[in-house]
Amino acid sequence: NWKFLDTQIYSVINSLEKSNIDIIECGYLNDKKSGEINTTLFNSTKIVDKFITQKSDTQKVVMINFGDFDIKNLPLQKNSKLHGIRLAFHKKDIPEAIKASKVIIKLGYKVFFQAMVTKNYSDLEFLSLIKDIEDLDIYAFYIVDSFGSMTLEEFQRYIMLADNNLNHNIAIGYHSHNN
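Residues numbered from 1 in each chain as written. Predicted model: local features only at pLDDT ≥ 70, side-chain atom pairs only at ≥ 80, totals over all residues. Heavy atoms only, no water.

Undergrad: Honestly, the overall build of the chain in this entry has me stumped. Any pointers?
TA: For the chain, the helix and strand inventory stands at five helices and seven strands. By the compact-globule yardstick of 16 Å for 179 residues, the chain fits well, its C-alpha radius of gyration being 16 Å. Projected onto its principal axes, the C-alpha coordinates of the chain cover approximately 45 × 35 × 30 Å. Residues classed as buried in the chain amount to 46% of the 179 residues present. Total accessible area on the chain is roughly 9700 Å²; 51% of this is exposed by carbon and sulfur atoms. Between the mean site of the 21 positive side-chain charges and the mean site of the 22 negative ones, the chain shows a separation of 7 Å. (Helix = DSSP H or I, 4+ residues; strand = E, 2+ residues; numbered from the N terminus. Rg over C-alpha atoms; globule rule 2.2 N^0.38 Å. Buried < 20%, exposed > 50% of the residue type's maximum accessible area, 1.4 Å probe, protein only. Areas by Shrake-Rupley, 256 points an atom, 1.4 Å probe, with all protein chains shown as cover. Lys, Arg positive; Asp, Glu negative; His and termini not counted. Charge placed at Lys NZ, Arg CZ, Asp CG, Glu CD.)

Undergrad: Can you walk me through the packing of aromatic side chains in this structure?
TA: Any two aromatic rings considered together are summarised by their centre-to-centre distance and by the angle between their planes. The full count for this structure, using the stated rule, is eight aromatic pairs. Ring centres of Phe89 and Phe113 lie 4.4 Å apart, and the angle between their planes is 45°; on these two criteria the pair is classed as tilted. Residue Phe89 is located in strand E4 (residues 84-89), and its partner Phe113 is located in strand E5 (residues 110-115); the two are separated by 24 residues in the primary sequence. An identical accessibility class is assigned to Phe89 and Phe113; each is buried. When the ring of Phe112 is compared with that of Tyr139, the centres are 5.0 Å apart and the planes differ by 55°; the resulting orientation is tilted. Placement of the pair is Phe112 in strand E5 and Tyr139 in the loop between helix H4 (123-133) and strand E6 (140-145), with a sequence separation of 27 residues. Given the relative accessible area of 31%, Tyr139 is considered partly exposed. Pairwise contacts between aromatic rings join Tyr121, Phe126, Phe141 and Tyr158 into one cluster. Directly above the ring of Tyr158 sits Arg157, whose terminal nitrogen or CZ lies 4.9 Å from the centroid. (Phe/Tyr/Trp six-rings, centres within 6.5 Å; stacked < 30°, edge-to-face > 60°. Lys NZ or Arg CZ within 6 Å of the ring centre and 35° of its normal.)

Undergrad: Sorry if this is basic, but what is going on with the pairing of strand E1 (residues 23-29) here?
TA: Within a regular beta strand, the side chains point alternately toward one face of the sheet and then the other, so they alternate between its two faces. Where burial is concerned, most of E1 is hidden: five out of the seven residues are buried. Relative to strand E3 (residues 59-65), E1 runs parallel, the two sharing five bridges. If you follow Ile24 over to E3, its bridge partner there is Lys60. (Pairing = 2+ DSSP bridges.)

Undergrad: Is there a simple way to think about the pattern of salt bridges in this case?
TA: Between side chains of opposite charge, pairing is possible as soon as their charged atoms come close. Per the stated rule, a full pass over the model turns up 10 salt bridges. When the shortest N-O distance is used, the salt bridge between Arg86 and Glu25 registers 2.6 Å. Of this pair, Arg86 sits in strand E4 while Glu25 sits in strand E1, and the two are 61 residues apart along the sequence. Note on Arg86: relative accessible area 7%, which makes it buried. Among the salt bridges present, the one from Asp31 reaches Lys32, with a minimum N-O distance of 3.4 Å. (Salt bridge = Lys/Arg side-chain N within 4 Å of Asp/Glu carboxyl O.)

Undergrad: Would you mind going over the nonpolar core with me for this structure?
TA: Generally speaking, soluble globular proteins have nonpolar side chains that are buried together. Residues Leu74, Phe113, Phe126, Leu129, Ile133 and Phe141 are the most contacted members of the largest nonpolar core, which totals 44 residues. Residue contributions to this core peak at five residues, all from helix H3 (residues 94-106). Once residues within four sequence positions are removed from consideration, Leu74 is found in contact with Leu29, Thr45, Ile64, Phe69, Ile85, Ile104, Leu107 and Tyr109. In this structure, Tyr28, Leu41, Ala88 and Met116 belong to the second largest nonpolar core, which totals six residues. (Core = buried A, V, L, I, M, F, W, Y, C linked by side-chain atoms within 4.5 Å. Contact = heavy atoms within 4.5 Å.)

In structure tokens form, the structure reads like this:
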């Protein structure tokens, strides 16, 4: 339930920075249910910023589950210590998630575009999504095994489809759950 003492949050982020981790996801932005202390469920970037030092080259990211945070409440990236947003969305929300990504990019953030429950996409739907985002300046596109039920063959198929059709300037990521 995102419950961590503020001292723990700072300690984990600081330790990961010292370990030269390239990108650290610091928590989850949600303006519908969040707290201000002892949680990584944040209602604003200002709360996340208090845990971030500018002493390293490590990029800091937060997750937004599409619909749980009003993108209009994101400040310009230059006014935040965050570098990127991992935008998770369901298939039914693709058009709106693409619009939200454009806004996030315009604000100066890197976008990590995460198609939840990728296993529910047919090959044609997956390729259509790739085509829809090829001109977006997203940083990474994620294949997501939301329930830990994706087989190795399914995973390899989605990787092959993404690798052979995604703009090569976009990194491919994998997000797994429960496996």
